[in-house]
Amino acid sequence: MENRLKFDFNNMLSQYVGEEGFTPDDLVNLDTLAGKASKSVKESRGKGMMGWTELTSSNTSEIADIIVTANKIKNKFDAFVVLGIGGSALGPMALFQALCHLRHNELPATLRNNVPKFYVEDNVDPERMQSLLDILDLDKTVFNVITKSGSTSETMSQFLIINDILKAKYGSKAAEHMIATTDSKAGNLIKIAQDEGLKTFVIPAGVGGRFSVLSPVGLLPAAVLGIDIKAFLDGAKTMSTKCLLSDSIFNNPALASATLQYASMNRCKNISVMMPYADSLKLMADWYCQLWGESLGKATNNTGKTVNVGQTPVKALGVTDQHSQIQLYVEGPFDKVVTFIGVESYRATVTISGGYDKYPSVAFLSGHTLNELISAEMLATEYALTRNKRPNNKIVLSTVNANTIGQLIMFFMLETAYAGAMLDIDAFNQPGVEEGKNATYALLGRAGYEAKASEINAWPAKDPKYII
Ligand code: PA5
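Figured I'd write up the structure that's included with this text. Model, not experiment: these values are computed from the prediction. All residue numbers refer to positions counted from 1 along the written sequence of the respective chain. Totals for whole chains, interfaces and linings use every residue, but because this is a predicted model, local features are given only for residues with pLDDT of at least 70 and side-chain atom pairs only at 80 or more, for both listing and counting. With hydrogens and water excluded, all non-hydrogen atoms of the structure serve as input to the side-chain values.

Let us now look at the sheet that holds strand β11 (residues 336–343). Pairing in this open sheet of 5 strands is mixed, and the strands run β1-β12-β11-β7-β10 from one edge to the other. Strands with a single pairing partner mark the edges of an open sheet, and in this sheet they are β1 (5–8) and β10 (312–315). For this sheet, the mean angle separating the axes of adjacent strands, direction not counted, is 20°. Any two strands with at least two DSSP bridges between them are considered paired. Each helix corresponds to a stretch of at least 4 residues labelled H or I by DSSP, and each strand to a stretch of at least 2 residues labelled E; elements are numbered beginning at the N terminus. Here 4 bridges tie β1 to strand β12 (residues 392–397), and the two strands are oriented antiparallel to one another. Residue pairing in the sheet places F7 in a bridge with I395 of β12. Sitting on the sheet, helix α14 (residues 370–387) is in contact with β11 and β12, with an inclination near 160° to β11. The axes are straight lines fitted to the C-alpha atoms, using for helices just the contacting stretch, and the angles between their N-to-C directions are given from 0 to 180°. We call two residues in contact when some of their heavy atoms are within 4.5 Å.

A side chain of one charge can pair with a side chain of the opposite charge when the charged atoms of the two come close. Only one rule defines a salt bridge in this text: a Lys or Arg side-chain nitrogen within 4 Å of an Asp or Glu carboxyl oxygen. What the rule picks out here adds up to 20 salt bridges. With a shortest N-O distance of 3.9 Å, D247 and K39 are connected by a salt bridge. Here D247 is found in the loop between α9 (229–245) and α10 (253–265), whereas its partner K39 is found in helix α2 (residues 24–44), with 208 residues between them in sequence. Remark: exposure states derive from per-residue accessible area (1.4 Å probe, protein chains only) relative to the maximum for the residue type, with buried under 20%, exposed over 50%, and partly exposed in between. Take D247: its relative accessible area is 22%, and that puts it in the partly exposed class.

Bringing the environment of E415 into the picture now. Turning to its location among the elements, E415 is positioned in helix α15 (residues 402–423). When sequence neighbours within four positions are dropped, the list of residues in contact with E415 reads A254, S257, A258, Q261, Y288 and W292.

So, to be careful, I would describe these as geometric facts and stop short of saying anything about function.
Have a look at this one:
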């Protein structure tokens, strides 16, 4: 089957959703704006924090090292645990769910081709950490600590806990159970890794957390999981090439999507709902939410003007969330754009059984497949939204495989870059996240953060009257 991603934006047009949509004239005007954004993104490719556009080559010595390391891990360990948060966790999680068996960890080893079980510790809930420690067989476990900054409190806390346990148990051999993925200069993890002789992979300088899934952040876990990382990178390259060829929304799908979302934001559609109709893509929607929210939610634009822009990303899963959120989307405020992700060919076919012919309202299901049912439900939801004049668009993957997931990821990253250019903001920083990180350092007494600690302490005390 051809590996293909298609973007269908018919239901963003006025002929389908009336005045909530865009007319052909609107599209012509938007195409001019899009052309400018496209050119500015093209000029920035590979520069500054756009280093991720250049990560699609699969013939590098680093890719070879990742594959060799992954094979050694597969031969030696039964569990692979990522320690990381945000962009250092969501990419590996999304790839795992999309491209491995949906119940991978529950399969017997032989049925998962002896690929290790996979865990991502993307929180610092003590109960969660304890529960992980309760189930791991440390002799058969390797950890991959991932942090771009080399200093994030959550990740470094997880590392300190695990490294201490490993050292107590394995002494000088503890390093065999820990791999570091980090920046070559920033923070302290790189120094610790060098001091302790940890196998280390580098996150390139121009690649931020949420744009790092094509780097060793995503590639090492993926290779350990038996995912074809070359096909994944090839898919990313296919999409970036396709989007490079044209500065027009009529030929460049990531640009078209960015432009329509941007124009929708200008019409007070401040919510972007990402709704895959595939369990395998649920965490991909989570990954998208971080990418879109953290990149576009900004207080100031590139000239320092206060703009407070952004579009709130929301994850919904088809068909599950038809029974929880769709009522709101069909009849609530006109403040959303819904993006469906459909799959033409699922990797399994399940037929609905028969046997109740005397109950026609049950029997009509018999003989159909779940594949037909889920596809019909996506079309039905699309219809219900469109009929109620709710703009929506659709990304369709021919099937879910390493190549189409590479395409999808590059589609979203380029879409985000284009939208950032249209909003005239820095899509690659995250001052709001840094604010919280710095406050955490101050609250836990990190040296150098005394002024921030005083500022927090001077915050007006809470009025007990309002705590009831
Ligand atoms: O996208 C980002 O930059 C952030 O979400 C980071 O990924 C997150 O804060 C974790 O940072 P780090 O990888 O530096 O530990």
